[in-house]
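Observations on the model geometry
The lines below spell out each chain.
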Amino acid sequence: VSSGPSVARNLGIAHAWESTSIYGMLDADDTYLQGKIRKSVEKISENPTVIGIVYGDAILVNHKNGTSIYEYREPYNRRRLEQSCTMSTQNFITRHAFSVCGLYDEDMRTAEDWDLQLRITRNFVGVHIPEPLSTYSITGENASDVVNMDVWQQNWQKIRERHGRN
């Protein structure tokens, strides 16, 4: 039985806590493009006490019809992030940001990444690298396809309550 992405990510983070200062998120069906790790670490290293999260653009690969689409993610803007999940899920996060803001909410099976991004950017800056750094697979088995809409609604409501969103 799957415990969900939050539990899996938190276990990985906990396992590497003492030896890692920057964590890269990557779902099982996605990939990092060449240079993503280096560019993300370099960006964080520019100001590691201020930058808490780094993200880039992605190539959406639709495995159902064989197409690929460039997905531009806009530069970090707290107001826009409060309106919509504008960061990618394949981001890099500092241990310092996790220590201040907490890990993924294990009660959330969807939108857990958006919730964490909102918590981190209360205390830290998010930085966008404007180039494709990852691929994101569209398979028909993604959370948006298989998780019940009631679960999505519950998690969006939790985000609204937690972060003062309407």
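Before any of the text, the structure's been laid out above.
The following refers to the structure shown. (Residues numbered from 1 in each chain as written. Predicted model: local features only at pLDDT ≥ 70, side-chain atom pairs only at ≥ 80, totals over all residues. Heavy atoms only, no water.)

Side note on the overall build of the protein chain
Each helix and strand in the protein chain was counted, giving seven helices and six strands. Start at the N end of the protein chain and walk to the C end: the helices and strands fall as α-β-β-α-β-β-α-β-α-α-β-α-α. Its C-alpha atoms give the protein chain a radius of gyration of 15 Å, within 12% of the compact-globule value 15 Å for 166 residues. Along the first, second and third principal axes, the C-alpha set of the protein chain runs to 40 × 35 × 35 Å. Taken across its 166 residues, the protein chain has 42% of its residues classed as buried. Considering only residue pairs separated by 6 or more positions, the protein chain has 74% of its internal contacts joining residues 24 or more positions apart. (Helix = DSSP H or I, 4+ residues; strand = E, 2+ residues; numbered from the N terminus. Rg over C-alpha atoms; globule rule 2.2 N^0.38 Å. Buried < 20%, exposed > 50% of the residue type's maximum accessible area, 1.4 Å probe, protein only. Contact = heavy atoms within 4.5 Å.)

Digging into the side chain of arginine 119
Residue position: arginine 119 is located in helix α5 (residues 112-120). Not counting residues up to four positions away in its chain, the partners in contact with arginine 119 are Cys101, Gly102, Leu103, Tyr104, Asp105, Arg162 and His163.

A word on helix α1 (residues 5-16)
Look at α1: 17 Å from first C-alpha to last across twelve residues, which is about the 16 Å you get at 1.5 Å a residue. Among the residues making up α1, those that are buried are Ser6, Val7, Arg9, Asn10, Ile13 and Ala16. Packed against the buried residues of α1 are β1 (22-24), α4 (95-101) and α5. (Expected span 1.5 Å × (residues − 1).)

Thoughts on the environment of serine 19
Following the sequence through the fold, serine 19 ends up in the loop between α1 and β1. Expressed as a C-alpha distance, the spacing of serine 19 and glutamine 154, which sit 135 residues apart in the sequence, is 35 Å.

Section: the environment of alanine 8
By the secondary structure assignment, alanine 8 is in helix α1. For the pair alanine 8 and phenylalanine 92, spaced 84 residues apart in sequence, the C-alpha to C-alpha distance is 16 Å.

Quick look at the pattern of salt bridges
Using the criterion set out here, one finds twelve salt bridges in the structure. We note a salt bridge from glutamate 131 to lysine 39, for which the minimum N-O separation is 2.6 Å. Note that glutamate 131 is positioned in strand β6 (residues 125-138) and lysine 39 in helix α2 (residues 36-45), a separation of 92 residues in sequence. When salt bridges with common partners are traced through the structure, they connect Asp105, Asp115, Arg119, Lys158 and Arg162 into a single cluster. (Salt bridge = Lys/Arg side-chain N within 4 Å of Asp/Glu carboxyl O.)

Here we look at the packing of aromatic side chains
Overall, the coordinates contain four aromatic pairs when judged by the stated rule. Note on tryptophan 17 and tyrosine 23: the rings are 6.2 Å apart at their centroids and 20° apart in plane angle, and the pair reads as stacked. Among the residues examined, tyrosine 23 registers a relative accessible area of 6% and is labelled buried. When the ring of tyrosine 23 is compared with that of phenylalanine 98, the centres are 5.7 Å apart and the planes differ by 75°; the resulting orientation is edge-to-face. Taken as a pair, tyrosine 23 in strand β1 and phenylalanine 98 in helix α4 lie far apart in primary sequence, 75 residues in all. Owing to a relative accessible area of 2%, phenylalanine 98 belongs among the buried residues under this scheme. One aromatic cluster is present, built from ring pairs that chain together Trp17, Tyr23, Phe98 and Tyr104. If you follow arginine 95 out to its NZ or CZ, it ends over the ring of tryptophan 17, 6.0 Å from the centre. (Phe/Tyr/Trp six-rings, centres within 6.5 Å; stacked < 30°, edge-to-face > 60°. Lys NZ or Arg CZ within 6 Å of the ring centre and 35° of its normal.)

Observations regarding the nonpolar core
By size, the foremost hydrophobic cluster in this structure holds 21 residues, and its most contacted members are Met25, Ile93, Phe98, Tyr104 and Ile120. If you tally residues by element for this core, the top one is α5, at four residues. In terms of nonpolar packing, the next biggest core, distinct from the first, is built from eight residues, Ile22, Phe92, Ile129 and Leu133 among them. (Core = buried A, V, L, I, M, F, W, Y, C linked by side-chain atoms within 4.5 Å.)

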